[in-house]
Structure formats: structure tokens, C-alpha cells
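Summary of structural features
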Amino acid sequence: MFADWFSGQTDYCCFLYGVAFFLLAAISLYLKMLRSEQAPCWNWLAGFAFVQGLFIWADLWYEHFSAGPVLSVLRPLLLGGSYLLLFEFGRRSKQRQTGWQLPVWSGLLFGLISFSGLFYGLNGLLAALGFGLALPGSLMVVWVLYSERQTLQGSPARFMLAAAVAMAFYGLFAGLILPLSALWPVPASDARNWVSWVIRLARVWQAAAAIIFMVCLWLHARLAYFNSQNSYVRLHRLVIMLLMPGVLSLGWVATEWRGNTFDQTFRQETLRLGSSIAQTINPDRVRSLSFTAADEQNPAFVRMRDQMRAFARQYPNLLGIYSVARRGGQLIFGPESYDASDLLASPVGTVYERPHPSVEKVFADGMPVIVGPYSDEYGSFVSAFIPVFDF
């Protein structure tokens, strides 16, 4: 149940994840206003956080709403730009703290090397940005924050150390758990399908590390606020407190509206497609089926199975097409588009143990329906059930 609920809330989670980075940008600007000569260059961290927040929202729109060509180009540019800003924060801050510095062109060199991943496609580019920029940039930031921690005492030092640890985990997840691609050291997708769930889990931990990093810096900034007599800093904090609820509310409403619009369109299109497929099924072939293992030698069964497989190849976004019939008070699987080796495949004659209640309703009133996300013995799905009449 929790997995079903979470899968339906990913747009909200991504929205709040982006908000966390915008908050981090505001906190970083706040820390910059304290005007310590040897403090890290917080304005560069603010730039990283702001651009990373834009990337997360662009990625949310790309994955859940519209995968247009503009976003296809914008996403890697935002991601690469944010990681360059993160690297530059570490480079400039370390120079300010110790006088030691990497050459100015070092960040650009890492960036150019990372963008060479484009030769391996979009996922190759995103993977290269991860281990080419995110990982070294994050390690630089950890070094900066640990050095900053040594100049502090008490709770501020502990919060700064916690922020360094959170950034270390963020960098490891961002730089080592990468999108499936042909780019070394990322194995090809056919070698990593079995660990795809690990990748999704790592993304959750990456988000958690970023949020913990933001909270630790906020707690550090809060202590710095109470020790500051800078009236401009106090006014800045008040403005953030007044504006943030409005930003959250407007963003939540916009996400809710766009998500509902997309969901409605998706369900209408899926139901229309299912109805179109059902209309191509020959009732005479349906009547010739027994929905037992003997059907595998029936030419009508073979023809319907091949027909479903052809439709499934034509619409790759569909997980599959299958048929069920009511026999003796049970629902029995018949022809389907899945290969026999597929984990979702059901040999003809298999009883459907945990169908959605709407399936029985379709048999009762003959009306098509789309339901989900729901769970059965095969997993969690959104499915359209369309009646095929054999008379």
C-alpha cells in the first residue's frame, strides 16, 4: 500500500525537493550577509542551490508532464551548470580559507570532460556529469565545511560537521549511483535491470542527504542570526519567513492542477487506446477458445497472441496487453502479449487471484473502465479493462 501511495506522490515529493534547494539558496545568501572575510563563498553555494532547484523542477516536468525538446536540452545544461557552481564554491572557498587554490580553468576542464558523455546519449551525459562534476565538487565542499568547522565551537561546529557529512553522502549518491547508460563505469541497462530498484532508493537517499544538509546549514545560520546585530540580516530573515508560505502554497496548487490535468489526459488516452485494441479482436476467435492449456495449439489463440504482441510493440509505453474470461466463477487468463519468460506472463488457464473489483463490474455491465494505481499478484499498475463481446 505504501509503495502505491508513494508512486502516486512523486510529483509532490519532487516539488518539495526543489523547494529544499531554493531554501538552501536563501540560507546561503543569508550566511553571506554576515560578511566574514575568511568565511566560505556562500554566494556560489546559493547559485548552485538555485540552479539545482530549477533542474529538479524541470526534471519533474520532463518526467511527469511533457518531455519536449526544450526540456531535453535544458535539463543537462541546468544540471551541469549547478555542479560547476558547486565546484566553484569549493575552489574559491578553499582559496579564501588557506590561500591554496586550483587553477581557474580546472572547473571548466571537469565540465568539458563531463559533457563529452553526450557521445553516449542523454543518459551518458547525465552519468558523466555525476562522476565528472558532482563527485569532485561535493568532495571539495566537504573539505571546505570541515575546515570551517575547525574555526567554530559548540553547536555551530557540530552543525557544520553534520552538514559536511550530509554533503559527503549527497556527493556519493550523485556521483556514483548514475543513470543507466553505455558510458563507463556505468554498466549497460541490460546488466543493471536487476538493481534498478537500488538506483531509485539511492535517489531517495540523495534527496534526504540534500535536505539534511539544508537543515544543518539553517540551524547554523539560526545561531549566527542570534549573534548578529546586522539589521539588514534580520530584515532579510523576516522577508523569507513571510514569502516562503506563499511560494509553497502557489507551487503546491500549480503542481496539483498540472498533475490532475496530466492524469486525466493520460487516463482518457489509455482508455481510448484500449477500446481501439478491443475493437480489433474477432469475436469468432474468442468463442473458439477454451481458456485452458489446450488453447496453445489453437490457431485462433496464436493469432490473437500475435495480434496483441504487435500492438504492444507499436505502443512501447504499455507494459502489456492481456485477456481474461469468467469461467466457473473465476477469472482465467487467456492470450496476452507477454513472452513466456516475462515475469508478468501468465500461462493460459491461470487463475487471476487478486483482480481489481472493477474487472467483475466490467463483466456485469459491459462498460469499459480505467483503474489504478492498484496492486495484484503481479505488481502495481494503472490498467484499462475493455469488454470484448463474443456474440
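One can find the structure itself at the top, above this paragraph.
Residues numbered from 1 in each chain as written. Predicted model: local features only at pLDDT ≥ 70, side-chain atom pairs only at ≥ 80, totals over all residues. Heavy atoms only, no water.

1. Considerations on helix H13 (residues 357-365)
Three or more residues of H13 are buried, namely Ser-358, Val-359 and Val-362. End-on, the buried residues of H13 take up no more than an arc of 110 degrees, which puts them together on one face. Exposed residues lying more than 90 degrees from the buried face of H13 are Pro-357, Lys-361 and Ala-364. Packing partners of the buried residues in H13 comprise strand S1 (322-327), strand S2 (330-336), strand S3 (369-376) and strand S4 (379-385). At the C-terminal side of H13, Gly-366 shows a positive phi close to 70 degrees. (Buried < 20%, exposed > 50% of the residue type's maximum accessible area, 1.4 Å probe, protein only. Helix = DSSP H or I, 4+ residues; strand = E, 2+ residues; numbered from the N terminus. Arc of directions from axis to C-beta. Contact = heavy atoms within 4.5 Å.)

2. Looking at the side chain of Ser-147
Secondary-structure assignment places Ser-147 in helix H6 (residues 121-149). Look at Ser-147 and you get buried, because its relative accessible area is 15%. A distance of 2.8 Å separates a polar atom in the side chain of Ser-147 from a polar atom in the side chain of Lys-94. In contact with Ser-147, other than residues within four places in its own chain, are Lys-94 and Gln-97. (Polar contact = N/O pair within 3.5 Å; in protein donor to acceptor, adjacent residues only side chain to side chain.)

3. Considerations on unusual backbone geometry
Located in the positive-phi region is Phe-291, a residue other than glycine, with phi close to 55 degrees. Position of Phe-291 among the secondary structure elements: in the loop between helix H11 (283-287) and helix H12 (299-314).

4. Here we look at the nonpolar core
With 50 residues, the main nonpolar core has Phe-21, Trp-42, Phe-48, Tyr-83, Tyr-170, Phe-213 and Leu-217 as its most contacted residues. In terms of residue count, the dominant contributor to this core is helix H3 (residues 42-64) (ten residues). Discounting residues that sit within four places of it in the chain, Tyr-170 has contacts with Tyr-17, Phe-21, Phe-48, Gln-52, Tyr-83, Ser-138, Gln-206, Ala-209 and Ala-210. Leu-331, Tyr-338, Leu-344 and Val-371 belong to the second-largest nonpolar core, a separate cluster that totals 13 residues. (Core = buried A, V, L, I, M, F, W, Y, C linked by side-chain atoms within 4.5 Å.)

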